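Residues per chain, in single letters:
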Amino acid sequence: MENHGTGVIIETEIMHRNLTDDSLERIALERGEGALSSTGALAVRTGKYTGRSPKDKYIVDEPSVSAHIDWGDVNRPMAPETFERLYRKALDYMKNRELFVFDGFAGADAKHRLPIRVINEFAWQNLFARQLFIRPTEEELAAHRPEFTVIDLPGLKADPRTDGTRSETFICLSFERRLVLIGGTEYAGEIKKSIFTVLNYLLPFKGVLPMHCSANVGKDGDVALFFGLSGTGKTTLSADPDRRLIGDDEHGWSEDGVFNFEGGCYAKCANLSAEKEPQIWNAITRGAILENVVLDPVSGAADYGDTSLTENTRAAYPIDSIPGAVIPGKAGHPKVIIFRDGGRLRRAAAHRQTDEGAGDVSFPSPATPRSWRAPSGA
């Protein structure tokens, strides 16, 4: 019986804690979870779900958060008793199963970072968590106490008739239990986006703006932010060999500047080429994960032009695979903000505001409080 720090108690005899990349890769290969590409990346397939399932994502409607969330099609409410039934179902499912645990952080700024724990039934998904979140030092690991736990069980499917879900898939977030339950989908992006949702809610109460953007910094300390919907080129634009990468997807903007939420990158790789995106191309080596990328059956080479499984082919790799990446991922206030709108780029200067000049700004991001006060350093 294991107590996992946020009230999660799991009955199992096989619990692998904080294994190395090599160990997780070896176990994944032994269990038939994936195959190695010619560059040493672990290639996996996620089956029926090759992207996120936003209509199957829920936030538990609990007294302490109910008034702060803009409920609707994006933030779908779930009754506490429904969540409790799914939680009990998950505990029964995990009994005596082989599980994998990653302990780490979300947030490169120590002032605002969130200690997290990720529990998986697949070894490759635990490797994904190691690559996408921030790994602790040995000293930090010894003192680590998770403040949020993600349990990802792709093999556990919901029954909408009895479980109160829309489909077999569920991504359920309880702020009072400090717990995320994921089931019925093998797509690993649900893990990182769930923690982004947590930070979207928590950080504005601390005067920090959570942002879905990539970021880099020039040699003179000039920080640039790149906003755009998924697939519009944020990762590609920020991977500039003449600038240092801060992060490719999720950041916070505090009184001190910009900081990365993650410890890795999750790049779309359809039609990826060494000529156009050399930094990303070279990062997909041993320890990286390829999701739904077709491999040549003889050579094992990744065919990035083959999108027969999905247009949403992905590569996950640690940020230190990018030469010159900023570690830890922190920098000053942005000088330029670039919006990627389809094939167009829109550029705007970022101006410093005082407390007197800052206004209330509403952001339509998931689980964000209804208004946010711009930091005085912004």
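Residues numbered from 1 in each chain as written. Predicted model: local features only at pLDDT ≥ 70, side-chain atom pairs only at ≥ 80, totals over all residues. Heavy atoms only, no water.

Peer 1: Residues and numbers for the pairing of strand β11 (residues 170-174), please.
Peer 2: With five of five residues buried, β11 lies mostly within the body of the structure. Of the two faces of β11, the one carrying F170, C172 and S174 and the one carrying I171 and L173 are both buried. Where strand β6 (residues 57-60) lies against β11, three bridges are found, and the strand directions are parallel. By the bridge assignment, I59 is partnered in β11 with L173. In terms of strand pairing, β11 meets strand β12 (residues 179-183) through five bridges, oriented antiparallel. Pairing of I171 across the sheet is with I182, part of β12. Between β11 and β12, which pair antiparallel in sequence order, lie four residues; one of them, R178, sits at a positive phi of approximately 55 degrees. (Buried < 20%, exposed > 50% of the residue type's maximum accessible area, 1.4 Å probe, protein only. Helix = DSSP H or I, 4+ residues; strand = E, 2+ residues; numbered from the N terminus. Pairing = 2+ DSSP bridges.)

Peer 1: Got a sec to walk through helix α1 (residues 21-30)? Specific residues and values, please.
Peer 2: Listed in full, the buried residues belonging to α1 are D21, L24, E25, I27 and A28. Buried residues of α1 fall within an arc of 165 degrees about the axis and therefore sit on the same side. Taken together, the buried residues of α1 touch β4 (35-36), β5 (42-44), β8 (99-106) and α3 (123-132). Where α1 terminates, the next one or two residues include G32, which has phi positive at roughly 70 degrees. (Arc of directions from axis to C-beta. Contact = heavy atoms within 4.5 Å.)

Peer 1: Please give an account of the pairing of strand β14 (residues 223-228) that cites residues and values.
Peer 2: For β14, a buried count of six out of six residues is recorded, marking the element as mostly surrounded by other parts of the structure. Both faces of β14 are covered, namely the face carrying V223, L225 and F227 and the face carrying A224, F226 and G228. Here five bridges tie strand β13 (residues 209-217) to β14, and the two strands are oriented antiparallel to one another. Within β14, the residue paired with C213 across the bridge is F227. The loop that links β13 with its antiparallel partner β14 comprises five residues; one of these, G221, has a positive phi angle of about 85 degrees.

Peer 1: Provide a residue-level description of the packing of α1 against α3, including the pertinent values.
Peer 2: Contact geometry for α1 and α3: axes closest at 8 Å, N-to-C directions at 155 degrees. What the angle tells us is that α1 and α3 run roughly antiparallel. Two packed elements cross with a definite hand, and for α1 against α3 that hand is left-handed. Contacts between α1 and α3 pair D21, L24, I27 and A28 from the former with A123, W124, N126, L127, R130 and Q131 from the latter. Across the contact of α1 with α3, the residue classes break down as six nonpolar, two polar and two charged. (Axes fitted to C-alpha atoms, helices over the stretch in contact; angles between N-to-C directions. Parallel < 35°, antiparallel > 145°, perpendicular 65-115°, else oblique. Left-handed = near helix turned anticlockwise from the far one by under 90°. Nonpolar A, V, L, I, M, F, W, Y, C, P; charged D, E, K, R; others polar.)

Peer 1: Outline the packing of aromatic side chains, supporting the account with residue identities and numerical values.
Peer 2: The description of two aromatic rings rests on the distance between their centres and on the angle between their planes. Per the stated rule, a full pass over the model turns up nine aromatic pairs. Between W281 and Y304, the ring centres sit 5.5 Å apart and the planes meet at 65 degrees, which makes this aromatic pair edge-to-face. Of this pair, W281 sits in helix α8 (residues 278-283) while Y304 sits in the loop between β21 (302-303) and β22 (314-318); the two residues are 23 residues apart in sequence, bridging distant segments of the chain. Residue Y304 is classed as buried on the basis of its relative accessible area, which comes to 9%. Among the aromatic residues, those joined into a cluster by ring pairs are F148, F175, Y201 and F205. Lying across the ring of Y93, R97 places its NZ or CZ 3.7 Å from the centre. (Phe/Tyr/Trp six-rings, centres within 6.5 Å; stacked < 30°, edge-to-face > 60°. Lys NZ or Arg CZ within 6 Å of the ring centre and 35° of its normal.)

Peer 1: Describe the sheet that holds β6, listing the residues and the values that go with them.
Peer 2: Hydrogen bonds between backbone atoms are what pair the strands of a sheet, whose relative direction is either parallel or antiparallel. Pairing in this open sheet of eight strands is mixed, and the strands run β3-β8-β9-β10-β12-β11-β6-β7 from one edge to the other. If you trace the sheet from one side to the other, it starts and ends with β3 (15-17) and β7 (76-78), each paired once. Neighbour to neighbour, the strand axes of the sheet diverge by 25 degrees on average, direction disregarded. Contacting β8, β9 (114-120) and β10 (148-153), α3 crosses the sheet at an angle of about 15 degrees to β8.

Peer 1: Tell me what's going on with unusual backbone geometry, and back it up with residues and numbers.
Peer 2: With omega at -5 degrees, the peptide bond leading from I327 into P328 counts as cis. Relative to the helices and strands, P328 is located in the loop between β22 and β23 (330-331). Residues other than glycine seldom take positive phi values, yet N271 does so here, at roughly 60 degrees. Of note, N271 is situated in the loop between β18 (264-268) and α8.

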